[in-house]
Amino acid sequence: MDKAPLVGIVMGSDSDLNVMQAAAEILQQFNIPIELTVVSAHRTPLRMVDYATTAQQRGLKVIIAGAGGAAHLPGMIASITTLPVIGVPIKSSNSIDGWDSVLSILQMPNGVPVATVALNAAKNAGILAAQIIGTSNKETNAAIHAYKTLLQEEVLEKVETLKQKFFNSYDR
Ligand code: RP5
């Protein structure tokens, strides 16, 4: 992508990439310029502060931050920037069962929100970021509308398939 990134995707480790790349892929599908890198709250704290401090002036509109275990990255970035931060809890190698990641990202104190998606739900984080961009960009908004229409069509196709096999009095 040669356009200035609008969404920043960061993760605590490159071991998070197999989950986080779904956010990058859906944003690229929506034609939204992104950047993606590793920023660790615990291993590179000063890099995290610098990333969050410079994010807005570098043109970003939304940050997606993924981490696992003691997942402090999204909340710490949200404590520094005024950009909306979407948190992706990741079930990682240092995660007990995923709840540790979820609760570390979800249970933020009043005043510092992180929009937390489901465990490993980087694709939803990408869609939510696109929806935020879409509030001020007609093409993006149209692309999301088309995507949602497609989701609906897929379900209706499945309804048709089931109709061949099972009775359904709700014929709409
Ligand atoms: C977290 O620790 C990272 O976000 C990752 O989910 C987890 C494990 O990191 P590695 O030990 O694989 O680098 O900070």
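Keep in mind the model is a prediction, meaning the values are calculated, not measured. (Residues numbered from 1 in each chain as written. Predicted model: local features only at pLDDT ≥ 70, side-chain atom pairs only at ≥ 80, totals over all residues. Heavy atoms only, no water.)

If you walk across this open sheet you meet the 5 strands as β2-β1-β3-β4-β5, and the pairing is parallel. Two strands bound the open sheet, and with one partner strand each, they are β2 (34-38) and β5 (115-116). Helix α1 (residues 17-29) contacts β1 (7-11), β2, β3 (62-68) and β4 (85-90) of the sheet and is inclined by roughly 170 degrees relative to β1. With respect to the sheet, helix α4 (residues 99-106) is in contact with β3, β4 and β5, its orientation differing from that of β4 by roughly 165 degrees. (Pairing = 2+ DSSP bridges. Helix = DSSP H or I, 4+ residues; strand = E, 2+ residues; numbered from the N terminus. Contact = heavy atoms within 4.5 Å. Axes fitted to C-alpha atoms, helices over the stretch in contact; angles between N-to-C directions.)

It is the contact of helix α5 (residues 122-134) with helix α6 (residues 138-165), at a shortest axis distance of 8 Å, that shows an interaxial angle of 135 degrees. Judged by the inter-axis angle, α5 sits oblique to α6. The handedness of the crossing between α5 and α6 comes out as left-handed. Contacts between α5 and α6 involve K123, I127, A130, Q131, I133 and G134 on the former and, on the latter, T140, N141, I144, Y147 and K148. (Parallel < 35°, antiparallel > 145°, perpendicular 65-115°, else oblique. Left-handed = near helix turned anticlockwise from the far one by under 90°.)

The buried fraction of β3 amounts to 7 of the 7 residues, a majority that puts the element mostly inside the structure. Neither face of β3 is open: one carries V62, I64, G66 and G68, the other I63, A65 and A67, and all of them are buried. Bridge count for β1 against β3 is 5 bridges, and the pairing is parallel. Paired with V10 across the two strands is A65, which belongs to β3. (Buried < 20%, exposed > 50% of the residue type's maximum accessible area, 1.4 Å probe, protein only.)

Quick look at the pairing of β4 now. Among the 6 residues in β4, 6 count as buried, and that is most of the element. Burial along β4 is two-sided: V85, G87 and P89 facing one way and I86, V88 and I90 facing the other are all buried. Pairing analysis gives 6 bridges linking β3 to β4, with the strands arranged parallel. The partner of A67 across the bridge, within β4, is P89. Following the backbone out of β3, through helix α3 (residues 73-80) and into the adjacent parallel β4, one traces a crossover that is right-handed. (Right-handed = clockwise from strand over helix to strand, strands pointing away.)

Here we come to the packing of α1 against α5. Taken N-terminus to C-terminus, the directions of α1 and α5 make an angle of 35 degrees; their axes are 7 Å apart at the nearest point. Once α1 is placed against α5, the crossing between them reads as right-handed. From α1, V19, M20, A22, A23, I26 and L27 reach across to α5, where they touch A122, K123, G126, I127, A129 and A130.

What follows covers the site of the ligand. Taken together, G12, S13, S15, D16, R43, A67, G68, S92, S93 and N94 are the residues near the ligand. Within the backbone of G68, a nitrogen or oxygen atom sits 3.2 Å from an oxygen atom of the ligand. S92 is positioned such that a nitrogen or oxygen atom in its side chain is 3.5 Å from an oxygen atom of the ligand. Grouping the amino acids of the shell around the ligand by side-chain chemistry returns 1 nonpolar, 7 polar and 2 charged. (Near = heavy atom within 4 Å. Polar contact = N/O pair within 3.5 Å; in protein donor to acceptor, adjacent residues only side chain to side chain. Nonpolar A, V, L, I, M, F, W, Y, C, P; charged D, E, K, R; others polar.)

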